[in-house]
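Coordinates in review
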Number of protein chains: 2
Amino acid sequence: MTANAQVSTDIVLFTVQTDSMKVLLVRRAAKPFKGVWALPGGFVRQDEDLADCARRELEEETGVAGFYLEQLQTFGAPERDPRGRVITVAYYALIPSGDLVIQADSDADAAAWFPVGDLPELAFDHAEIVASAVKRLRAKLGYSTIAFQLLDEQFTLSAVQQIYEAITGSPADKRNFRKLILGFGELEETGELSRDGAHRPAKLYRLIEPDKVTIIK
Amino acid sequence: MTANAQVSTDIVLFTVQTDSMKVLLVRRAAKPFKGVWALPGGFVRQDEDLADCARRELEEETGVAGFYLEQLQTFGAPERDPRGRVITVAYYALIPSGDLVIQADSDADAAAWFPVGDLPELAFDHAEIVASAVKRLRAKLGYSTIAFQLLDEQFTLSAVQQIYEAITGSPADKRNFRKLILGFGELEETGELSRDGAHRPAKLYRLIEPDKVTIIK
């Protein structure tokens, strides 16, 4: 009567590249769904904590490290895996774009970033998991500092706006956006200016509490 | 290397009674932790969805039905259960107080409501699960209509304020509170007045979308 289940973790890793929100997928090298794109993930080891498993699987399968990780939701529909009862604890993770080196390991024969709005067919219920992660991230934008996990330690307000616009998929009014973001009360000026390319020098900011995601009251 | 785990659900059921936020606990009739208070819950059946399991366990162990249910978080520390690897998908649930009839079933020899601020010793990691649920509920108060799941279909603004004060544990200014709640744009007047006891008649309100928890933008 009681289910003896396999437990796995799957990870939705987001970044923003060239003004587009992207998610990391791996192509499965083994059955089931061989050759089909899927989220990085795998089975929890006997003495392994769930978040440790998610971190390990993401690092092993893609070579990515140094990401923000948060539990998303657990998916356990009885028929979600053809191998038998597999309950997966889904996580989502955020990483600033930049020189991300992606490598596929033995469970995956390729790893690549895909725009959230243009995903290939996904294995298992992974499309549902991605949709749930996108929804959570968009919701948290409005009441937390989650988006700053996609930025480097120092950033201009224009860079913040680009991140928000990429995630919401819609443009923001510059003046209102700055008022909203500074109104969070979570940013401080570094005292430095950004001088890149054709733009006018812009003030650089950083999070007052860079190591945590703060809920805005 | 791969964990074959037992999977359970545990449910943190909240209500507000006499201006106090309370959680439903059952006293364990069997080992481990025999005689110790714990959250209602139990093992997932072979072909059972996770939310169905949570709903069934809560109904079976306590006789409660008609509650709002939402997945909270999955707890899977390797040593959290002395019987072996048990990963539990925690849910939280809300129900309006009123004539709740609580009955303990065979797995529990008693069921009772406890104030969140004055809980007995709890079995397993259930104290951590309750703390996580309280934190989630308090956070969602500020940006969603979650609190209305603790109210009857029609309610006065004073009743809403009592719910908020019970959950946050701090008094609210009446005028500011009304402005905030009506500012959500999720309530409508029923056209009726509440006439109970010694109070002046007060307008009755209801949710425009009573069957869902709406995120406030």
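The two copies are related by a screw motion: chain A maps onto chain B through a turn of 180° and a shift of 0.0 Å along the axis, at an RMSD of 0.0 Å. The operation mapping one copy onto its partner corresponds to a two-fold rotation axis. For chain A, the smallest separation between a C-alpha atom and the rotation axis is recorded for Ala5(A), amounting to 2.8 Å.

This part takes up the domain arrangement of chain A. Residues and elements named next belong to chain A. Assigned domains within chain A: domain 1 (6-141) and domain 2 (146-207). Computed from C-alpha atoms alone, the centre-to-centre distance between domain 1 and domain 2 is 28 Å. Tallying the contact residues gives 17 residues for domain 1 and 13 residues for domain 2. Together, the buried faces of domain 1 and domain 2 total about 1300 Å²; carbon and sulfur atoms form 74% of this surface. Of all residues in domain 1, Val 16, Pro 96 and Leu 141 bury the most surface against domain 2, accounting for 45% of the area lost on that side.

Let's shift gears to helix H1 (residues 50-62) of chain A. All names here are of chain A. Over its 13 residues, H1 extends 18 Å from the first C-alpha to the last, a length consistent with the 18 Å expected when each residue adds 1.5 Å. Among all positions in H1, only Leu 50, Cys 53, Ala 54, Arg 56, Glu 57, Leu 58, Glu 61 and Thr 62 are buried. Phi turns positive, to about 75°, at Gly 63, one or two residues after H1.

Below, the discussion takes up the interface of chain A and chain B. Taken together, the contact pairs 27 residues of chain A with 27 residues of chain B. For the chain A and chain B pair, buried surface summed over both sides reaches about 2500 Å², with 50% attributable to carbon and sulfur atoms. Connecting chain A to chain B are zero salt bridges. For the pair chain A and chain B, the number of links is 11 residue pairs in polar contact (both at pLDDT 80 or more). Contributions of two or more residues to the side of chain A that touches chain B are made by strand E1 (4-17), strand E5 (68-75) and strand E6 (86-94) of chain A. Looking at side-chain class alone, the side of chain A that touches chain B contains 13 nonpolar, eight polar and six charged residues. Here three bridges tie E1(A) to strand E1 (residues 4-17) of chain B, and the two strands are oriented antiparallel to one another. Opposite Ala5(A), over in E1(B), you have Ala5(B) as the bridge partner.

Residue and element names in this part refer to chain A. Over its 16 residues, helix H2 (residues 126-141) runs 23 Å from end to end, which matches the ideal 22 Å to within 8%, given 1.5 Å per residue. Within H2, burial applies to His 126, Ile 129, Val 130, Ser 132, Ala 133, Val 134, Leu 137, Lys 140 and Leu 141. Check the buried side of H2 and you find it contacts E1, strand E2 (20-28), strand E3 (37-38), E5, E6 and helix H3 (157-168).

On to the pattern of salt bridges, then. All names here are of chain A. Scanning the entire structure with this criterion turns up 24 salt bridges over all chains. Arg 45 is the salt-bridge partner of Glu 60, the closest N and O atoms lying 3.8 Å from each other. Here Glu 60, found in helix H1, pairs with Arg 45, found in the loop between strand E4 (41-43) and H1; they are 15 residues apart in sequence, far enough to count as distant. The partly exposed category is assigned to Arg 45, whose relative accessible area is 30%. For Lys 212, the salt bridge goes to Glu 209, with nearest N and O atoms at 3.8 Å. In this structure Lys 212 comes out as partly exposed when scored by relative accessible area, which is 41%.

Residues and elements named next belong to chain A. Close contact between H3 and helix H4 (residues 174-183) brings their axes to 10 Å; oriented N to C, the two are set at 100°. One way to sum up the angle between H3 and H4 is to call them roughly perpendicular. Here Leu 157, Ser 158, Val 160, Gln 161 and Tyr 164 of H3 lie close against H4, whose contacting residues are Lys 174, Phe 177, Arg 178, Ile 181 and Leu 182. Residues belonging to the contact of H3 with H4 are distributed by class as follows: six nonpolar, two polar and two charged.

Turning next to the environment of Glu59(B). All names here are of chain B. Along the polypeptide, Glu 59 turns up in helix H1 (residues 50-62). A residue is classified by how much of its surface remains accessible, and Glu 59, at 35% relative accessible area, is partly exposed. Along the primary structure Glu 59 and Val 213 are separated by 154 residues, whereas in three dimensions their C-alpha atoms are 22 Å apart. Excluding its chain neighbours within four sequence positions, the residues that come into contact with Glu 59 are Val 64, Ala 65 and Phe 67.

Another aspect to go through is the side chain of Glu48(A). Residues and elements named next belong to chain A. By secondary structure assignment, the location of Glu 48 is in the loop between E4 and H1. By relative accessible area, Glu 48 is classed as buried at 10%. A polar contact of 3.0 Å, which involves the side chain of Glu 48, links it to the backbone nitrogen of Arg 45. A distance of 2.6 Å separates the side chain of Glu 48 from the side chain of Arg 56, its partner in a polar contact.

Analysis parameters
Residues numbered from 1 in each chain as written. Chains lettered and ligands numbered in written order. Predicted model: local features only at pLDDT ≥ 70, side-chain atom pairs only at ≥ 80, totals over all residues. Heavy atoms only, no water. Least-squares fit on C-alpha atoms with pLDDT ≥ 70 in both. Domains from an automatic or database assignment. Contact = heavy atoms within 4.5 Å. Buried area = accessible area lost by both parts, 1.4 Å probe. Helix = DSSP H or I, 4+ residues; strand = E, 2+ residues; numbered from the N terminus. Expected span 1.5 Å × (residues − 1). Buried < 20%, exposed > 50% of the residue type's maximum accessible area, 1.4 Å probe, protein only. Salt bridge = Lys/Arg side-chain N within 4 Å of Asp/Glu carboxyl O. Polar contact = N/O pair within 3.5 Å; in protein donor to acceptor, adjacent residues only side chain to side chain. Nonpolar A, V, L, I, M, F, W, Y, C, P; charged D, E, K, R; others polar. Pairing = 2+ DSSP bridges. Axes fitted to C-alpha atoms, helices over the stretch in contact; angles between N-to-C directions. Parallel < 35°, antiparallel > 145°, perpendicular 65-115°, else oblique.

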